[in-house]
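Now for the letters of each chain:
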Amino acid sequence: AVAGVASAQDCDRVCLKGHLDSYLEAVVSHKPETGGLWTGFRQTENAVVIPEGRGVWQSVTGLGSIQRRYLDPVQRQAGYYGTVFMGEEEAVVALRLKVQWNQVTEAEWFIARKSDPGMTGEAGKTPFNIETLRATLPAQRVVPRAERMQREALQAVVNTYFDGITNHDGHIVKGHPGCTRYENGFPTFNSPMKPEMDIGNNGRTDCRTQADFGVAIVAIRDYFVIDEEAQAVM
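What you see is a predicted model, and the numbers here were worked out from it, not measured in a lab. Per chain, residues are indexed from 1 in the order of the written sequence. This being a predicted model, a pLDDT of at least 70 is required before a residue's local features are given, and a value of 80 or more before pairs of side-chain atoms are given or counted; all residues contribute to the totals for chains, interfaces and linings. The basis for every side-chain value is the complete set of non-hydrogen atoms in the structure, without hydrogens or water.

Chemist: Lay out the overall build of the protein chain with the relevant residues and their values.
Modeler: To qualify as a helix, a DSSP run of H or I must reach at least 4 residues; to qualify as a strand, a run of E must reach at least 2; elements of each kind are numbered from the N terminus. Helices and strands together make up the secondary structure of the protein chain, namely four helices and 10 strands. For the protein chain, the N- to C-terminal ordering of α and β elements is α-β-β-α-β-β-β-β-α-α-β-β-β-β. The C-alpha radius of gyration of the protein chain comes to 19 Å, within 12% of the 17 Å expected for a compact globule of 234 residues. With the C-alpha coordinates of the protein chain rotated into their principal frame, the extents come out at 60 × 45 × 30 Å. Relative accessibility thresholds used throughout: buried, under 20% of the residue-type maximum; exposed, over 50%; partly exposed, between the two (1.4 Å probe, protein chains only). A burial count over the protein chain gives 41% of its 234 residues as buried. The contact criterion used throughout is that any non-hydrogen atoms of two residues lie within 4.5 Å. Counting contacts in the protein chain only where the partners sit at least 6 residues apart, residues at least 24 apart contribute 58% of the total. On the protein chain, roughly 12500 Å² of surface is accessible, and the fraction owed to carbon and sulfur atoms is 52%. As used throughout, the charge tally considers Lys and Arg to be positive and Asp and Glu to be negative, leaving His and the chain termini uncounted. In this description, the location of a charge corresponds to atom NZ of lysine, CZ of arginine, CG of aspartate or CD of glutamate. Distance from the positive charge centre (24 side chains) to the negative charge centre (29 side chains) of the protein chain: 1 Å. The reference for a compact globule is 2.2 Å times residues^0.38; the radius of gyration itself is calculated from the C-alpha atoms. Per-residue and other accessible areas follow the Shrake-Rupley method at a 1.4 Å probe size, with only the shown protein chains counted as cover for residues.

Take a look at the structure:
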């Protein structure tokens, strides 16, 4: 049994972490029956529905060298961001886990590998750099309560990022000058900025700027983990 369950519907941080760890252990050991899965459990990998026992249940052989866990008792969801081993290959993953009735009801995986095709469809051309990711890990922290933003404010700040890059206006983004942006560890900032678009980072791009990727609209914004303790949003 997983500790920390207050009722059939409640699941606090201890409860969520217990379910996340048990689920990941079940995946690594290729045993769905030990993962605390609900009868109607649903899993997707890069938006494709995967039956129990297939997909990561077969391919993941261990957790990787990068592990971050984020917890959101309000939404009863847990997130894992980091790496896993698929055979000898270390892949960057993000995982959303939904807990209801003290069971795991949903798992949603996003998986990126060095060998994946990029925007052109050519293998190995996706942005990817695990070595840089190890050196620039997102924080795993407990922010003092007096210094925390409320969850609604955290979500609103993240919203401004998507609004800024789709409107091609970095002034909309509520980010610090010089803020970083990585894609699977690959840095997508600090390149020369067009003079007429410079918003105050010594002529270099940062997380507030459109840079060189063409995102027209971000229509579905699912903030599946808002970890108020860590002040992190997935």
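Still to come is the rest of the account.
Chemist: Quick rundown of helix H4 (residues 151–166)? Include the residues and the values.
Modeler: In a regular helix each residue adds 1.5 Å, so 16 residues correspond to 22 Å; H4 covers 23 Å between its end C-alpha atoms and thus fits that length. If you follow the buried residues of H4, they end up packed against strand E3 (60–72), strand E9 (226–227) and strand E10 (232–233). Directly beyond the C-terminal end of H4, a positive phi value near 55° is found at His-168. Multiplying one less than the number of residues by 1.5 Å gives the expected span of a helix.

Chemist: Mind laying out the packing of aromatic side chains, listing which residues take part and the relevant values?
Modeler: Each aromatic pair joins two rings of Phe, Tyr and Trp (for Trp, the six-membered one) with centres within 6.5 Å, and gets the label stacked for planes under 30 degrees apart, edge-to-face for over 60, and tilted for any other angle. Summed over the entire model, instances satisfying the criterion amount to six aromatic pairs. Note on Tyr-23 and Trp-57: the rings are 5.5 Å apart at their centroids and 80° apart in plane angle, and the pair reads as edge-to-face. Of this pair, Tyr-23 sits in helix H1 (residues 13–28) while Trp-57 is found in helix H2 (residues 56–59), placing the two residues 34 residues apart along the sequence. With a relative accessible area of 0%, Tyr-23 lands in the buried category.

Chemist: How would you summarise the sheet that holds strand E6 (residues 103–112) if you had to cite specific residues and measurements?
Modeler: Sheets are built from strands paired through backbone hydrogen bonds, the pairs being either parallel or antiparallel. The sheet built from six strands is open, its strands ordered E2-E1-E6-E5-E4-E3 with mixed pairing. The outermost strands of the open sheet, each flanked by one partner alone, are strand E2 (48–49) and E3. The criterion for strand pairing is that DSSP finds at least two bridges linking the strands in question. Note that strand E1 (residues 37–45) and E2 share two bridges and pair antiparallel. In the sheet register, Thr-44 faces E2, and the bridge partner there is Val-49. An axis is simply a line fitted to the C-alpha atoms; with a helix, the fit covers only the stretch in contact. Between two such axes, the angle follows the N-to-C directions and lies from 0 to 180 degrees. Together, E1, E3, strand E4 (77–86), strand E5 (89–100) and E6 form the strand contacts of H1, whose direction differs from that of E3 by roughly 165°.

Chemist: Outline unusual backbone geometry, supporting the account with residue identities and numerical values.
Modeler: Non-glycine residue Asn-184 carries a positive phi angle of around 55°. Here Asn-184 shows up in the loop between strand E7 (182–183) and strand E8 (186–187). Its identity is not glycine, yet Gln-231 carries a phi of approximately 55°, on the positive side. Mapping Gln-231 onto the fold places it in the loop between E9 and E10.

Chemist: Describe the nonpolar core, naming the residues involved and giving the relevant values.
Modeler: Nonpolar cores were defined as sets of buried Ala, Val, Leu, Ile, Met, Phe, Trp, Tyr and Cys residues, with membership established by side-chain atoms within 4.5 Å. In terms of nonpolar packing, the biggest core is built from 27 residues, with Tyr-23, Leu-95, Leu-97 and Trp-109 touching the most fellow members. Only H1, E1, H2, E3, E4, E5 and E6 provide two or more residues apiece to this core. Sort the elements by how many residues they give to this core and H1 lands first, with seven residues. If we ignore the near neighbours within four places in the chain, the residues touching Leu-95 are Leu-20, Tyr-23, Leu-24, Ala-78, Gly-79, Tyr-80, Ala-107, Glu-108, Trp-109, Phe-224 and Met-234. Core analysis: the second largest hydrophobic core is formed by seven residues, Tyr-70, Ala-94, Ala-232 and Met-234 among them.

Chemist: Any details on the environment of Trp-109? Residues and values, ideally.
Modeler: Assignment of secondary structure puts Trp-109 in strand E6. Residue class for Trp-109 comes out buried when judged on its relative accessible area of 1%. Here the alpha-carbon distance between Trp-109 and Glu-45, two residues 64 residues apart in the chain, equals 4.6 Å. When neighbours within four sequence positions are excluded, Trp-109 is seen to be in contact with Tyr-23, Leu-24, Val-27, Gln-43, Thr-44, Glu-45, Asn-46, Val-56, Val-84, Val-93, Ala-94 and Leu-95.

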